[in-house]
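As a plain string of letters, each chain reads:
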Amino acid sequence: QVQLVESGGGSVQAEGSLRLSCAASASTRCMGWFRQAPGQEREGVAGIYASGTTNYAASVKGRFTISRDNAKNTVYLQMSSLKPEDTAMYYCAAGTTTSCTPVESQYQYWGQGTQVTVSS
């Protein structure tokens, strides 16, 4: 079992930036970020392999950057040019499958979430 603890959420104005962090209790092949807005289904944001290869949802590509520090078992999500539609609960996830695309079925372990609110 892998425990995940997110941090770094908060409130920011549109066009602002935030960095989310997620510390894992053990190393996993894949780490990713997902988000869920009120009344909507959870969606994938970004995924990263242990090698550093990344995948992004089209809605965040060019604005968000996922990275990881394997020595610290930590994954980050740098969010820039934030929009009100980015407002959501953001979840960190970890997985051991072969694909690290941000698809829920690829991830077995989940954090409790951190809220991001972007105001216009």
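Residues numbered from 1 in each chain as written. Predicted model: local features only at pLDDT ≥ 70, side-chain atom pairs only at ≥ 80, totals over all residues. Heavy atoms only, no water.

(A) Highlighting the sheet that holds strand β7 (residues 64–69). In space, the 4 strands of this open sheet follow the order β1-β3-β8-β7, with antiparallel pairing throughout. Whereas interior strands pair on both sides, the edge strands pair on one side only; in this sheet they are β1 (4–7) and β7. Put simply, the sheet's adjacent strands are angled 15 degrees from each other on average, direction ignored. Of the strand pairs in this sheet, β1 and strand β3 (residues 18–24) are connected by 4 bridges, and their pairing is antiparallel. The partner of V5 across the bridge, within β3, is A23. (Pairing = 2+ DSSP bridges. Helix = DSSP H or I, 4+ residues; strand = E, 2+ residues; numbered from the N terminus. Axes fitted to C-alpha atoms, helices over the stretch in contact; angles between N-to-C directions.)

(B) Representation of the pattern of salt bridges in the model. As enumerated under the stated definition, the model contains 4 salt bridges in all. The shortest N-O distance in the salt bridge between E43 and R35 comes to 2.6 Å. R42 serves as the salt-bridge partner of E104, at 3.2 Å between the closest nitrogen and oxygen. Taken together, the positions of E104 in the loop between β9 (88–95) and β10 (109–110) and R42 in the loop between β4 (30–36) and β5 (43–49) put the pair 62 residues apart, joining distant regions of the chain. With a relative accessible area of 35%, E104 lands in the partly exposed category. Relative accessible area serves as the criterion here: at 25%, R42 is assigned to the partly exposed category. (Salt bridge = Lys/Arg side-chain N within 4 Å of Asp/Glu carboxyl O. Buried < 20%, exposed > 50% of the residue type's maximum accessible area, 1.4 Å probe, protein only.)

(C) Summary view of the nonpolar core. Among the nonpolar cores identified, the biggest contains 28 residues, and L4, W33, L77, M79 and Y90 are the most heavily contacted of them. Elements with a contribution of two residues or more to this core: β3, β4, β5, β7, β8 (74–79), β9 and β11 (114–119). Discounting chain neighbours no more than four positions away, the residues touching Y90 are E6, L20, W33, F34, R35, V45, F64, L77, M79, G113, T114 and V116. Of all hydrophobic cores here, the second largest spans 6 residues; its members include C30, Y49, C100 and Y107. (Core = buried A, V, L, I, M, F, W, Y, C linked by side-chain atoms within 4.5 Å. Contact = heavy atoms within 4.5 Å.)

(D) Geometry of the state of the cysteines. For the structure shown, the criterion picks out 2 disulfides. Linked covalently through their sulfurs, C22 and C92 form a disulfide whose S-S length is 2.1 Å. Classification of the bridge connecting C22 and C92 rests on its S-S torsion, roughly -80 degrees, and on that basis the disulfide is left-handed. Taken as a pair, C22 in strand β3 and C92 in strand β9 lie far apart in primary sequence, 70 residues in all. You'll find C22 and C92 in the same group, each marked buried. The side chain of C30 participates in a disulfide bridge whose partner is C100; the two sulfur atoms lie 2.0 Å from each other. Because the torsion about its S-S bond is -70 degrees, the bridge between C30 and C100 counts as left-handed. Taken together, the residues span a long stretch of sequence, with C30 in strand β4 and C100 in the loop between β9 and β10 at a distance of 70 residues. Here C30 and C100 have matching classes, each one buried. (Disulfide = S-S within 2.5 Å.)

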